[in-house]
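Residue-level listing of the chains:
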Amino acid sequence: MNITADAVKQLRERTGAGMMECKKALVEANGNLDTAAENMRKAGLAKADKKASRVAAEGVVVIEKSADGKTGVLVEVNSETDFVARGDDFRGFATDVAKAALAAQASSVEAVNGLKLATGETVDDKRRALIAKIGENLTVRRVALVTAPTVVGAYVHTDNKKAAMVAVEGGDAELARDLAMQVVASSPRYLTPADAPADMVAKEREIATDQVNNDAANSKKPPDIRTKIIEGRVRKAVDEFALSQQVFVKDGETTIDKLLARNKAAVKSFERYEVGAGIEKKTGDFAAEVMEQVKAAQKKEDESDPPTKH
């Protein structure tokens, strides 16, 4: 049957698929545009389900803030490769997800996946459609909602791989942004030493005790002196990951607690995301994988092309 170029164009605009794929779908649907689009959508969802088990450890982190600056969302959206993560379709999707999450004040991935985008699709439907179009597994991995009494500071590193939000009471927007930059750069785990997890403190004390007792010079010192040395090492280890005790990245002479005191401000909470953190990435020989794919394609071509008889 004759499929017009205009019909193919319309289907491409609706689905984002390639020209030949659209033409094939129209032929199978006897030229019916709606049927072709629905069939392509179903096929795309099936492709998405098949790719769901593939590791997606690349991607971007995106921040969106409310007009009054007191609320923000931080979202991590993942792809399998950095090449896809740098594409306009992927980045546009990530931004749309963050905007929808902010509008709905959503604070969980489950809630975000069910949100409607401006196109009328849910986030999860759009994600699956993109998987079919791009050919990689894509996931909305994490979302954090942060609210502040005064202002939410936000900072996204230039590579869009690391970002942070800080809820600040007092101070101003510039201070809040500086604090978010600090969190991205120095990776604190908690606000103050008092907020350090008990199991972490216990582990640091165990390590310090072993070090002191196994050191020839320190092991001969009186018990009370050894205890002071151990506690000093524990305090140093705990302070290292406390935001309040870190040295300000823009001024090596000032700690964060002094910076806050000077500006009559306080940090109420913070969130920091780094793309792929905690995901076990697949490693392998990329060149070998490509050659395997080339050989498999060649073998398939040879099998479909019978030898010529003489």
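Up top is the structure these notes are about.
Residues numbered from 1 in each chain as written. Predicted model: local features only at pLDDT ≥ 70, side-chain atom pairs only at ≥ 80, totals over all residues. Heavy atoms only, no water.

1. Remarks on the pattern of salt bridges
Basically, it comes down to this: By definition, a salt bridge exists where a carboxyl oxygen of Asp or Glu is found within 4 Å of a side-chain nitrogen of Lys or Arg. Elements are defined by DSSP. Helices are runs of H or I of four residues or more, strands are runs of E of two residues or more, and each kind is numbered from the N terminus. Summary of the burial criterion: residues with accessible area below 20% of their type's maximum are buried, those above 50% are exposed, and those between are partly exposed, where the area comes from a 1.4 Å probe applied to protein chains only.
All told, the structure shown has 15 salt bridges when counted by the stated rule. Across the salt bridge formed by Lys203 and Glu206, the nearest N and O atoms sit 3.8 Å from each other. Residue Lys203 and its partner Glu206 are located together in helix 9 (residues 198–214), separated by 3 residues, close to a single helical turn. Using a relative accessible area of 44% as the deciding quantity, one classes Lys203 as partly exposed. For Glu206, a relative accessible area of 44% translates into the label partly exposed. A single salt-bridge network, built from bridges that share partners, covers Glu58, Asp82, Arg86 and Lys161.

2. Some remarks on the environment of Asn39
By secondary structure assignment, the location of Asn39 is in helix 3 (residues 33–51). Asn39 sits in the partly exposed class, given a relative accessible area of 38%. Asn39 sits 10 residues away from Ala29 along the chain, and the two C-alpha atoms are 8.3 Å apart.

3. Looking at the pairing of strand 2 (residues 71–79)
Here is the rule we go by: In this scheme, strands are said to pair when DSSP sees at least two bridges between them.
For strand 2, the tally of buried residues reaches 9 of 9 residues, placing the bulk of the element in the interior. In strand 2, alternate side chains face the same way, and those of Thr71, Val73, Val75, Val77 and Ser79 on one face and Gly72, Leu74, Glu76 and Asn78 on the other are all buried. Inspection of the sheet shows strand 1 (residues 58–65) paired to strand 2 by 8 bridges, in the antiparallel sense. What sits directly across from Ile63, in strand 2, is Leu74. Counting the residues between successive antiparallel strands, the hairpin from strand 1 to strand 2 contains 5 residues, one of them, Gly69, with a positive phi of roughly 75°. Here strand 2 pairs with strand 3 (residues 139–147) via 8 bridges, running antiparallel. Looking at the pairing, Val75 lines up with Val143 of strand 3.

4. As for the sheet that holds strand 6 (residues 266–274)
What holds strands together in a sheet is hydrogen bonding between their backbones, with the strands either parallel or antiparallel. For clarity, the cut-off: Helix axes are fitted to C-alpha atoms over the stretch in contact, other axes to C-alpha atoms as well, and angles between N-to-C directions run from 0 to 180 degrees. Contact between two residues is taken to exist if any of their heavy atoms lie within 4.5 Å; hydrogens are not considered.
Ordered by their spatial adjacency, 3 strands build an open sheet running 4-5-6, and the pairing between neighbours is antiparallel. Across the chains shown, the open sheet's two edge strands, defined by having one partner strand only, are strand 4 (151–156) and strand 6. Going from strand to strand, the sheet's axes swing by 15° on average, the running direction of each strand aside. Here strand 4 pairs with strand 5 (residues 162–169) via 6 bridges, running antiparallel. Each bridged residue has a counterpart across the sheet, and for Val156 the counterpart in strand 5 is Ala163. On the sheet, helix 8 (residues 173–186) packs against strand 4, strand 5 and strand 6 and is oriented at approximately 45° with respect to strand 4.

5. A look at the side chain of Glu64
Relative to the assigned elements, Glu64 resides in strand 1. Those residues in contact with Glu64 that sit more than four places away from it in its chain are Thr71, Gly72, Val73, Thr95, Ala98, Lys99 and Leu102.

6. Some details on the environment of Val152
Along the chain, Val152 falls in strand 4. Val152 sits 87 residues away from Lys65 along the chain, and the two C-alpha atoms are 7.9 Å apart.

7. A few points about the nonpolar core
We apply this condition: For the purposes of this section, nonpolar cores are sets of buried Ala, Val, Leu, Ile, Met, Phe, Trp, Tyr and Cys residues that join through side-chain atoms within 4.5 Å.
Within the largest apolar cluster, 26 residues are counted, with the highest numbers of intra-cluster contacts made by Val75, Phe90, Phe93, Val97, Val112, Val123 and Val140. At the level of elements, strand 1, strand 2, helix 4 (82–85), helix 5 (88–104), helix 6 (109–113), helix 7 (123–134) and strand 3 are the ones that each hand at least two residues to this core. At 8 residues, helix 5 tops the list of elements feeding residues into this core. In this structure, Phe93 is in contact with Val77, Val123, Lys126, Arg127, Leu130 and Val140, ignoring residues within four places of it in sequence. Ranked by size, the runner-up nonpolar core spans 20 residues in total, among them Ala164, Ala180, Leu260 and Ala265.

8. Thoughts on helix 8
Inclusion rule: Multiplying one less than the number of residues by 1.5 Å gives the expected span of a helix.
When the terminal C-alpha atoms of helix 8 are compared, their 20 Å separation across 14 residues agrees well with the 20 Å that a helix rising 1.5 Å per residue should span. Where helix 8 is concerned, the buried positions are Leu175, Ala176, Asp178, Leu179, Ala180, Met181, Gln182, Val183 and Val184. Summarising the contacts, the buried residues of helix 8 are in contact with strand 4, strand 5, helix 12 (256–262) and strand 6. Phi turns positive, to about 50°, at Ser187, one or two residues after helix 8.

9. Points about helix 5
Over its 17 residues, helix 5 extends 24 Å from the first C-alpha to the last, a length consistent with the 24 Å expected when each residue adds 1.5 Å. All of the buried residues in helix 5 are Phe90, Phe93, Ala94, Val97, Ala98, Ala100, Ala101 and Leu102. Positive phi appears at Gln105, one or two residues downstream of helix 5, with a value of about 55°.

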